[in-house]
Amino acid sequence: MSSFRAPKSTDYNLNNSISSPSILKKCGKQTINNVPGRRVCFDLFKNLKLLLINYDSNNKNDLIEYNNLICDIRDLATEINDNELIKLLKDARNCVNILNENLTLFVKVILILKWMNRSDDVVKEYRLFLLNVCTAYSYHTQFAIEQLVACFSHVDGTTCDRVNCMPSQEEERGFLNVHVTLEALLKAIPLAKDLLISALKKKFPYKTNSSYSHLHYIHNLLYIVEYEPNLRKNILSLIINKLVEIDVHIPKNELDRLESNINIDIEDIFSMDVDDGGCIKVDPNKVEEEHFSDTLDICLKRIFIYMKTVCHNSNGSLLWDSTKLFYHDLLSIFESEILPTYNSSHIQYVIYYFLSFKITLAENFSNWLLKKCCDVSSPSTLRQAAAGYLASFLCRAPFITNNVLKNMLFEISTWCNKYINSVDKSVRVVDEELLRWHAVFYSMCQALFYIISFRHQDLMDNKRNLRFMENLNLSNIVTCRLSPLRLCCSKVVDRFAYITKMYQLTYCYVVMDGHIRVTDQSIKDEWLYSYFPFDPYVLPRSKNMIIPDLYRDIDSIKSCQKEERYVDKIPSSLPENMDISPSMVLSPSPARTDWLGQFAYGNNTQILF
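In this text the structure is predicted, and so the values were computed from the model without any measurement. (Residues numbered from 1 in each chain as written. Predicted model: local features only at pLDDT ≥ 70, side-chain atom pairs only at ≥ 80, totals over all residues. Heavy atoms only, no water.)

**Student:** Honestly, the overall build of the chain in this entry has me stumped. Any pointers?
**Tutor:** Assigned secondary structure in the chain consists of 28 helices and six strands. When each of the 609 residues of the chain is scored for burial, the buried share is 53%. In the chain, once contacts between residues fewer than 6 apart in sequence are set aside, the share between residues at least 24 apart is 81%. Summed over all atoms, the accessible surface of the chain reaches about 28200 Å², with 48% contributed by carbon and sulfur. (Helix = DSSP H or I, 4+ residues; strand = E, 2+ residues; numbered from the N terminus. Buried < 20%, exposed > 50% of the residue type's maximum accessible area, 1.4 Å probe, protein only. Contact = heavy atoms within 4.5 Å. Areas by Shrake-Rupley, 256 points an atom, 1.4 Å probe, with all protein chains shown as cover.)

So, in structure tokens, the structure goes:
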């Protein structure tokens with residue numbers, strides 16, 4: 001069977017043969033049985049079934065012979081030609097009736113054989129062996145599924161004929177062979193779907209793996225949905241979860257670099273190095289953050305294309321029933337994976353792109369965000385995040401109608417005014433504890449200021465709209481004891497003050513001057529997270545699917561030049577009986593909010609409305 005045999009004396013130390021963590025893993029040039037440079041002829045396995053039948057793990061000689069068999073297959077399998085591999089697979093299939101738990105190692109070494117890009121006869125024999133052994137013994141199913149799933153991230157380093165970074169024709173042929181096998185296995189063992197989800201999570205490429213391995217893996221996961229549609233939500237959730245991990249590791253300086261390189265050559269972005277084994281590896285001179293942005297870029301484009309394909313027919317018409325089902329899955333994933341993530345840069349555009357398919361979707365999403373903002377049973381940090389998403393979405397999405405925009409503004413302002421009427425009279429001292437309790441209110445005010453600041457041309461283009469804006473009762477919000485102008489993002493407040501003065505809706509400068517005089521300016525910038533998630537899209541390969549048709553470009557926020565104002569006394573717009581805590585003047589910053597759901601002053605945040 002092999003060119004080398006261990007001594008048969010009773011003094012032979014078995015630790016030399018089975019001490020490795022797994023006999024299926026190579027530990028170096030010297031394995032249990034092989035001598036480098038020697039080749040095993042697989043015709044010698046004519047007594048394979050007899051060897052397996054007679055195998056006794058308690059017999060040292062049988063154990064040695066069995067381990068030699070395993071290592072022969074493991075070490076030399078890549079050198080077997082198709083005819084030899086077909087014979088081995090047929091012999092293994094003839095032994096299925098005896099492949100119990102004692103022979104698990106033999107089953108595993110057969111299942112790890114490289115087969116997906118072999119001849120059709122090899123693929124057929126491998127598939128038959130896998131199906132037979134899994135249906136006969138269910139405990140082999142988990143490992144079999146993991147080996148199939150591991151094929152999904154395969155990248156042929158010698159391939160040069162890729163189109164838009166997608167797998168080549170030969171790679172696609174191999175992937176299709178895996179999918180046919182996996183589909184047949186799931187039909188034969190329906191309960192294996194739970195094992196499949198577990199395997200998909202386990203085998204997902206690590207974030208530092210090559211961009212192409214991520215793309216191929218996601219490409220194949222989306223293909224699984226075609227024959228297992230019930231798994232779509234779980235698979236999409238897994239994909240989004242993993243891309244969120246990559247997204248949050250992209251630093252701002254890398255995004256600034258991509259934004260500044262307007263004429264960047266995208267063909268040079270994804271240059272690959274190939275090692276001696278034909279495997280893709282990341283260019284050692286390429287910084288990690290560039291690699292993350294590359295991966296996110298090509299993977300997001302694949303997801304955009306998938307959503308477009310699922311929700312439209314070949315003529316480009318929207319398939320409304322399919323779209324509605326997809327929306328419910330995507331909204332659930334957004335709530336669990338994207339909304340709780342602070343400071344992501346692009347993953348949120350998955351739902352943004354989807355909402356552009358129909359205005360009804362965008363309106364429904366806006367209403368959902370508003371309900372989330374007002375849901376007192378939700379954590380305050382999620383409510384603040386929803387306010388930021390709502391403001392950013394209404395400002396950036398050109399497919400949002402003016403009616404939707406005005407309805408959202410009316411609901412937000414109504415909520416803010418009711419909140420003020422409920423708690424404002426009880427406010428006497430402005431301190432950190434007060435600010436912590438009313439964090440959601442300040443986020444809602446900030447959303448209101450942001451929307452008015454950057455959609456004012458649509459909101460105040462005629463007398464009817466101006467009357468609508470006057471009825472929002474902005475002066476009550478601006479001058480209330482809770483003082484939202486103190487805490488909202490300084491740039492947003494400056495812009496809001498300028499716009500509202502220009503249209504004579506309210507006058508903010510007197511109130512702002514008083515706050516600046518008695519309070520450290522940094523409080524406004526550091527207490528409340530000013531996160532508006534739909535900032536400009538800068539990933540070069542997928543950018544053309546968002547910019548410019550689906551995105552409203554807003555002039556960068558600039559601090560407005562203020563007219564000269566006197567600040568030598570507290571203006572009369574501040575209530576005379578309102579006290580400013582000394583700690584608010586002396587402390588450089590109040591408690592910082594933790595976006596994952598905790599505050600520096602404790603976990604139990606009280607929401608009063």
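**Student:** What am I meant to see in helix 22 (residues 463-470) here?
**Tutor:** A turn of α-helix holds 3.6 residues, and therefore any two residues three or four places apart point the same way. All of the buried residues in helix 22 are Asn-465, Phe-468 and Met-469. For helix 22, the angular spread of the buried residues around the axis is 100 degrees, confining them to a single face. In helix 22, those exposed residues whose orientation departs by more than 90 degrees from the buried face are Lys-463, Arg-464, Arg-467 and Glu-470. Considering only its buried residues, helix 22 is in contact with helix 18 (402-423), helix 20 (439-454) and helix 21 (456-459). Measuring from the side-chain oxygen of the N-cap residue of helix 22 to the backbone nitrogen of Arg-464 gives 3.1 Å; that N-cap residue is Asn-462. (Arc of directions from axis to C-beta. Polar contact = N/O pair within 3.5 Å; in protein donor to acceptor, adjacent residues only side chain to side chain.)

**Student:** Explain the side chain of Asn-220 here, please?
**Tutor:** Relative to the helices and strands, Asn-220 resides in helix 10 (residues 211-227). Accessibility expressed as a relative area gives 2% for Asn-220, which makes it buried. Those residues within four positions of Asn-220 in sequence are excluded, and the remaining contacts are Phe-152, Phe-175 and His-179.

**Student:** Just to check I follow, could you spell out the pattern of salt bridges for this structure?
**Tutor:** Between side chains of opposite charge, a pair can form when the charged atoms approach closely. A complete count under the given rule lists 16 salt bridges for this structure. Between Asp-91 and Lys-87 there is a salt bridge whose closest N-O contact spans 2.9 Å. Placement of the pair is Asp-91 and Lys-87 together in helix 4 (residues 82-93), with a separation of four residues, close to one helical turn. Accessibility expressed as a relative area gives 29% for Lys-87, which makes it partly exposed. A salt bridge links Asp-458 to Arg-455; its shortest N-O distance comes to 2.9 Å. Here the salt bridges do not stand alone but share partners, grouping Asp-120, Glu-170 and Arg-173 into one network. (Salt bridge = Lys/Arg side-chain N within 4 Å of Asp/Glu carboxyl O.)

**Student:** Help me understand unusual backbone geometry in this model?
**Tutor:** Across the chain, the bulk of peptide bonds are trans and the bulk of non-glycine residues have phi less than zero. Of note, the bond from Ile-547 into Pro-548 is cis; its omega dihedral lies within 30 degrees of zero at 0 degrees. Relative to the helices and strands, Pro-548 resides in the loop between helix 27 (522-526) and strand 4 (579-580). One non-glycine residue, Asn-343, lies in the positive phi region at around 70 degrees. Topologically, Asn-343 is positioned in the loop between helix 14 (320-338) and helix 15 (349-355).

**Student:** How should I be thinking about the packing of aromatic side chains in this particular structure?
**Tutor:** Aromatic rings in a pair are described by how distant their centres are and how their planes are angled relative to each other. In this structure the tally under the stated criterion is 36 aromatic pairs. When the centroid spacing of 4.9 Å and the interplanar angle of 65 degrees are considered together, the rings of Phe-204 and Tyr-217 count as edge-to-face. Taken together, the positions of Phe-204 in the loop between helix 9 (192-202) and helix 10 and Tyr-217 in helix 10 put the pair 13 residues apart, joining distant regions of the chain. Judged by its relative accessible area of 8%, Phe-204 falls in the buried class. Residue Tyr-217 is classed as buried on the basis of its relative accessible area of 0%. On the numbers, 5.3 Å between centres and 75 degrees between planes, the contact of Phe-334 with Phe-365 is edge-to-face. With Phe-334 in helix 14 and Phe-365 in helix 16 (residues 359-374), this residue pair connects regions lying 31 residues apart in the sequence. The exposure class of Phe-365 is buried, given its relative accessible area of 0%. Taking NZ or CZ as reference, Lys-108 lies 5.1 Å from the ring centre of Phe-143, over its face. One cation-aromatic arrangement involves Lys-406 over Phe-468; the distance from NZ or CZ to the ring centre is 5.1 Å. (Phe/Tyr/Trp six-rings, centres within 6.5 Å; stacked < 30°, edge-to-face > 60°. Lys NZ or Arg CZ within 6 Å of the ring centre and 35° of its normal.)

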